[in-house]
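In case you want the letters, here they are:
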Amino acid sequence: MVEIEIDGKKVEVPAGSMVMDAANKLGTYIPHFCYHKKLSIAANCRMCLVEVEKAPKPLPACATPVTQGMIVRSNSDKAITAQKGVMEFLLINHPLDCPVCDQGGECQLQDLAVGYGGTSSRYQEEKRVVFHKNVGPLISMEEMTRCIHCTRCVRFGQEIAGVMELGMLGRGEHAEITSFVGKTVDSELSGNMIDLCPVGALTSKPFRFSARTWELSRRKSISAHDGLGSNLTVQVKNNKVMRVVPLENEAINECWISDKDRFSYEGLNSSERLTKPMIKQGGQWQETDWQTALEYVAHGLRNIKHEHGADAIATVATANSTLEELFLSQKITRGLGSENIDFRLRQADFSISAEIKPWLGMSINDFGHLKNVFVIGSFLRKDHPLLAARLRQAVKMGAKLSILHATDDDLLIPVANKAILAPSAWLAFLAEIAVAIANKKEIAKPVGFESIQVSSAAEAIAQSLLAGAEAAASGVFIGNAAAQYSDAAKIHALAQWIAQNSGAGFGYLTEAANTVGAYLVNAKPVANVGSLFSTPKKAYVLLNTEPEFDSANPHQAKLALNQAEMVIVLSAFKHASDYADVLLPVSPFTETSGTFINCEGRAQSFHGVVKPLGDTRPAWKVLRVLGNLLGLDGFEFETSEAIRDEVLGKDVKDLSAKLNNFSSIAPSLSNTPVGLERVSDVPIYSTDAIVRRSESLQRTTDAKTGNVWLSSVEFAKLGITAGDFVKLVQGDAVAILPAALDKALPDNVLRLAAGVVATQALGGMFGAISVERAV
């Protein structure tokens, strides 16, 4: 540690720290623009010049290392004169358009100009003008004349997002920030550049000119999308969500959020919002009141139970629902005598789910400090943007990342070892890793694995995991694709064996905001019954789900729903008009209170940030009333907190002790199918109902998902070129789509998005599929 003095106050900081770090520790503010605690030091704005005793001239606090006994003055005459001089230069070319600037009211330059700017400018020459750029539907670069060249956006792209999408052209007053010629900004973390920009050069295109910052109320919330549970500040005006920005939480999302969390709020204000209960009568939809709608639902469920038995009733929910909503859903279903409730809509293998409650297996912070990471079956960058960002930082510090997957996507992370294989070959490759570990540790191999030959790729991954065993710095993680695959139980068993015998941690990169919470409230059948759509039921209750997008087999789901006598939809949006009988408008996460449990087992409760729209009601209140109308016991809850406390107990935040990744199933292999296999990703902007209705996100490059991707071998076999249409057949499901070439795909793999309109007519996300040239 080194002791220095700043403005008469002494502070100790680690050797190698900068003066700015010491000032931050003291709580002393030094004006700055280019400095950011999460980015590398650029020292190009010079606003943080301070006086250092015995130094001949002011030095930048952000780039001056501390030395023992150093004396710094941040507000001496010399320092302030230097800071004012820098401010004068920064303002020379800056336009005087604060009244029309979208950054007005939250602009760092505006704030510091009050303290360090002159009353008038000595600069009388013509100011420079920078031509605007179009970089996509999310970020506005319409006013680049305002840019002060702090390069925060450039450094963020290179260092955090992992891709240099913006850079600087020219020198001196001819310098300007721009994208590559003809390219848009497509990073899934790009919106953070808006927060980082200290002036009005980069602004939010969806929010642009819709409100002034001082008109907005700021309210805390939790992301309802991926499994991280990012902390949000939701900004509200006139009972409408206007903007979403990150709320800093170093243990979870640091000071970042993904674009999905930032821009999905547009879906909350969609024209498709359902605001009144509706009942279908004679094929026509009629608006009604809540009492009539709920009595109609209760009467219908009682009749179906009486005529067909309780097993004819099923409840299907998504893991984007709150803990309270899922708890009451399973309570109603079981109260009626049925075990048919499930949230694992994209899952195909249910044989291990009775004994495990999957989670990350460690804290998010520990995950970011692992030295050897092996990820199995994950579209990592798009499925888990901020976990990928943590891995990116870990790899920069020397960590080794190994991947087993069916597609060779660019993760924007250096990958030490990778195996790109068809899903049916994943088990055989994991078996090779297990045998390699057994050989190196001289322990017994799993039964039936004695004759397996080890490839060099498997050997390298085994060696990597064993290298981190002594420091408990290795981890094996199952991604969404592996968890959704038809042999998920066997993949789990082998991955678990590998982790246990290499001394690595073991966990799941969980899919949705409340996947862990859904397991904790037991919102699934006790026994393995498979998909609730594989054997059609007479009545379905759908909570926050659109099965035609959210199911592993949308074709099968639609057939089951169309055969049902009664389908009750609890949703914030108008949909399912073809198969639904009742539409009940329930609140999205911004209009209700509840709890999400993230991938590390952390319970995070939140309150509604706006009043429910129209006659919309929180789903937990609707379910409570429905339980009472059905005459079930235990539905006397007055608040969502009371439900949470019944499920979790009071004052419980860390639930990791209640979670379990470990199964008793022994490792085994499967017969490898021969032929073309489908592998599916759920595109980042198609994961849930709110995101699917965000207009800006649906205009991004990541939302263009209508192609079927084929390997070079398949292109040659079919005699097609890019853009030609092909016919896809899965069982009795058929679709015709344009083909695109992916040279990195294995020869026997066909890649196709799930959760999108283009593939609704098809079957399962994985498995055999045939393709032929469309006539």
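Since we're looking at a predicted model, the values are computed, not measured. (Residues numbered from 1 in each chain as written. Predicted model: local features only at pLDDT ≥ 70, side-chain atom pairs only at ≥ 80, totals over all residues. Heavy atoms only, no water.)

Describing the packing of aromatic side chains
Formally: Pairing of aromatic rings covers Phe, Tyr and the six-membered ring of Trp, with a centre-to-centre limit of 6.5 Å; geometry is then stacked below 30 degrees between planes, edge-to-face above 60, and tilted otherwise. A run of H or I in DSSP counts as a helix once it spans at least four residues, and a run of E counts as a strand once it spans at least two, with each numbered from the N terminus. For every residue, the accessible area obtained with a 1.4 Å probe (protein chains only) is divided by the maximum for its type, and the residue is called buried under 20%, exposed over 50%, and partly exposed between those limits.
Summed over the entire model, instances satisfying the criterion amount to 10 aromatic pairs. Considering the side-chain rings of phenylalanine 506 and phenylalanine 662, the 5.7 Å spacing of their centres and the 50° angle between planes classify their relative orientation as tilted. Of the two residues, phenylalanine 506 sits in strand 22 (residues 505-508) while phenylalanine 662 sits in the loop between helix 21 (640-648) and strand 28 (677-681), which places them 156 residues apart along the sequence. Residue phenylalanine 506 is classed as buried on the basis of its relative accessible area of 3%. The class of phenylalanine 662 is partly exposed, set by a relative accessible area of 36%. Seen in terms of ring centroids, phenylalanine 533 and tyrosine 540 are 5.3 Å apart; in terms of plane orientation they differ by 35°. Their pairing is tilted.

Considerations on the packing of helix 9 (residues 323-335) against helix 21
Under the convention used in this document: Every axis corresponds to a line fitted to the C-alpha atoms, with the helix fit spanning only the stretch in contact, and the corresponding angles, defined between N-to-C directions, vary from 0 to 180 degrees. Under this scheme an angle from 65 to 115 degrees is roughly perpendicular, one under 35 degrees roughly parallel, and one over 145 degrees roughly antiparallel; angles in between are oblique. In this description, contact between two residues means that some pair of their heavy atoms is separated by no more than 4.5 Å. Each residue receives one of three labels: charged for Asp, Glu, Lys and Arg, nonpolar for Ala, Val, Leu, Ile, Met, Phe, Trp, Tyr, Cys and Pro, and polar for the others, Gly being one of them.
Viewed as axis vectors pointing N to C, helix 9 and helix 21 meet at an angle of 70°, and their least axial separation amounts to 9 Å. The orientation of helix 9 with respect to helix 21, classified from their angle, is roughly perpendicular. Taking contact as the criterion, the partners of Leu323, Glu324, Phe327, Leu328 and Lys331 in helix 9 are, on helix 21, Ser640, Ile643, Arg644, Glu646, Val647 and Leu648. A per-class count over the contact of helix 9 with helix 21 returns 6 nonpolar, 1 polar and 4 charged.

Brief notes about the side chain of serine 680
Cut-off, in case you're wondering: A 3.5 Å cut-off defines polar contacts: any pair of N or O atoms within that distance qualifies, except that in protein one atom must be a possible hydrogen donor and the other a possible acceptor, and neighbouring residues in sequence count only when both atoms are side-chain atoms.
With respect to the secondary-structure elements, serine 680 resides in strand 28. Residue serine 680 is classed as buried on the basis of its relative accessible area of 1%. Of the polar contacts made by the side chain of serine 680, one reaches the backbone oxygen of methionine 765; its length is 2.7 Å. Look past the residues within four positions of serine 680 in its chain and what remains in contact with it is Phe379, Leu752, Ala754, Met765 and Phe766.

Here we look at the sheet that holds strand 13 (residues 240-246)
The condition that has to hold: At least two bridges found by DSSP between two strands is the condition for calling them paired.
One open sheet accounts for 3 strands, arranged 11-12-13; its pairing is antiparallel. The strands lining the two open edges of the sheet, one partner per strand, are strand 11 (217-222) and strand 13. Across the sheet, the axes of successive neighbouring strands diverge by a mean angle of 35°, strand direction being ignored. Alignment of strand 12 (residues 231-237) against strand 13, held across 6 bridges, turns out to be antiparallel. Note on strand 13: the bridge partner recorded for valine 236 is valine 241.

Focus: the UniProt feature "domain: 4Fe-4S Mo/W bis-MGD-type" (unreviewed entry) in the chain
Just so we agree on the cut-off: UniProt positions are given in the numbering used here, feature names are shortened, and annotations may be inferred rather than shown by experiment.
Mapped onto the present numbering, the UniProt feature "domain: 4Fe-4S Mo/W bis-MGD-type" (unreviewed entry) falls at residues 216-272. The span residues 216-272 shows a helical share of 16% and a strand share of 35%, and its end C-alpha atoms are spaced 25 Å apart.

With respect to the UniProt feature "domain: 4Fe-4S His(Cys)3-ligated-type" (unreviewed entry) in the chain
As annotated in UniProt, the feature "domain: 4Fe-4S His(Cys)3-ligated-type" (unreviewed entry) corresponds to residues 78-117 in the numbering used here. Helix makes up 60% of residues 78-117 and strand 0%, and the two end C-alpha atoms of the span are 16 Å apart.

As for the pattern of salt bridges
Heads up, the condition is: What counts as a salt bridge is simple: a side-chain nitrogen of Lys or Arg found within 4 Å of a carboxyl oxygen of Asp or Glu.
Tallied over the full model, the rule gives 35 salt bridges. The closest approach of N and O atoms between aspartate 195 and arginine 262, which form a salt bridge, is 2.7 Å. A residue pair is termed long-range when its members are at least 10 positions apart, and aspartate 195 in helix 5 (residues 192-196) and arginine 262 in helix 6 (residues 259-263) qualify at 67 residues. We classify aspartate 195 as partly exposed; its relative accessible area is 35%. Classification of arginine 262 by relative accessible area gives buried; the value is 4%. Three or more residues are tied together by salt bridges with common partners; here these are Glu272, Arg346, Glu511, Glu546, Asp550, Arg692 and Arg693.

A look at helix 19 (residues 554-563)
This is how it is decided: Relevant arc is that of directions from the helix axis to the C-beta atoms, nothing else.
Burial in helix 19 covers these residues: Pro554, Ala557, Ala560 and Leu561. On an axial view of helix 19, the arc spanned by its buried residues comes to 125°, and they lie on one face. Looking at the packing, one finds that the buried side of helix 19 touches strand 23 (539-543), helix 18 (547-550) and strand 24 (566-571).

Section: unusual backbone geometry
Even without being a glycine, arginine 46 presents a positive backbone phi close to 65°. For arginine 46, the location among the structural elements is in the loop between helix 1 (19-26) and strand 3 (49-52). Positive phi, close to 60°, is recorded for phenylalanine 209, a residue that is not glycine. Relative to the elements of secondary structure, phenylalanine 209 occurs in the loop between strand 10 (203-204) and strand 11. For phenylalanine 209, a relative accessible area of 53% translates into the label exposed.

Regarding the sheet that holds strand 22
Judged by pairing direction, the sheet is parallel, and its 5 strands sit side by side in the order 20-19-18-21-22 without closing on themselves. Strands at the two margins of the open sheet, each flanked by one partner only, are strand 20 (417-420) and strand 22. For this sheet, the mean angle separating the axes of adjacent strands, direction not counted, is 15°. Pairing of strand 21 (residues 474-478) with strand 22, which is carried by 4 bridges, proceeds in the parallel orientation. Each bridged residue has a counterpart across the sheet, and for valine 476 the counterpart in strand 22 is phenylalanine 506. Its contacts with the sheet put helix 16 (residues 488-502) on strand 18 (372-376), strand 21 and strand 22, and the angle it makes with strand 22 is roughly 155°.

Topic: helix 21
Among all positions in helix 21, only Ser640, Ile643, Val647 and Leu648 are buried. Taken around the axis of helix 21, the buried residues stretch over an arc of 110°, which confines them to a single face. Once helix 21 ends, the next one or two residues include glycine 649, with phi positive near 85°.

Focus: the domain arrangement of the chain
Note the cut-off: Domain boundaries shown here were taken from an automatic or database domain assignment. Here's the idea: put two parts together, see how much 1.4 Å probe accessible area each one loses, and the total over both is what we call buried area.
Under the domain assignment, the chain is made up of domain 1 (2-92), domain 2 (278-348 + 519-648), domain 3 (364-508) and domain 4 (677-773). Taking only C-alpha atoms into account, the centre of domain 2 sits 36 Å from that of domain 3. Opposite the 6 residues of domain 2 that make contact, domain 3 presents 5 residues. Together domain 2 and domain 3 conceal approximately 450 Å² of surface at their shared face, both sides included; 58% is due to carbon and sulfur atoms. Looking only at domain 2, the three residues that lose the most surface to domain 3 are Arg346, Ala348 and Cys599, adding up to 66% of its buried area. Inspection of the region where domain 2 meets domain 3 yields 0 salt bridges. Linking domain 2 with domain 3 are 1 residue pair in polar contact (both at pLDDT 80 or more).

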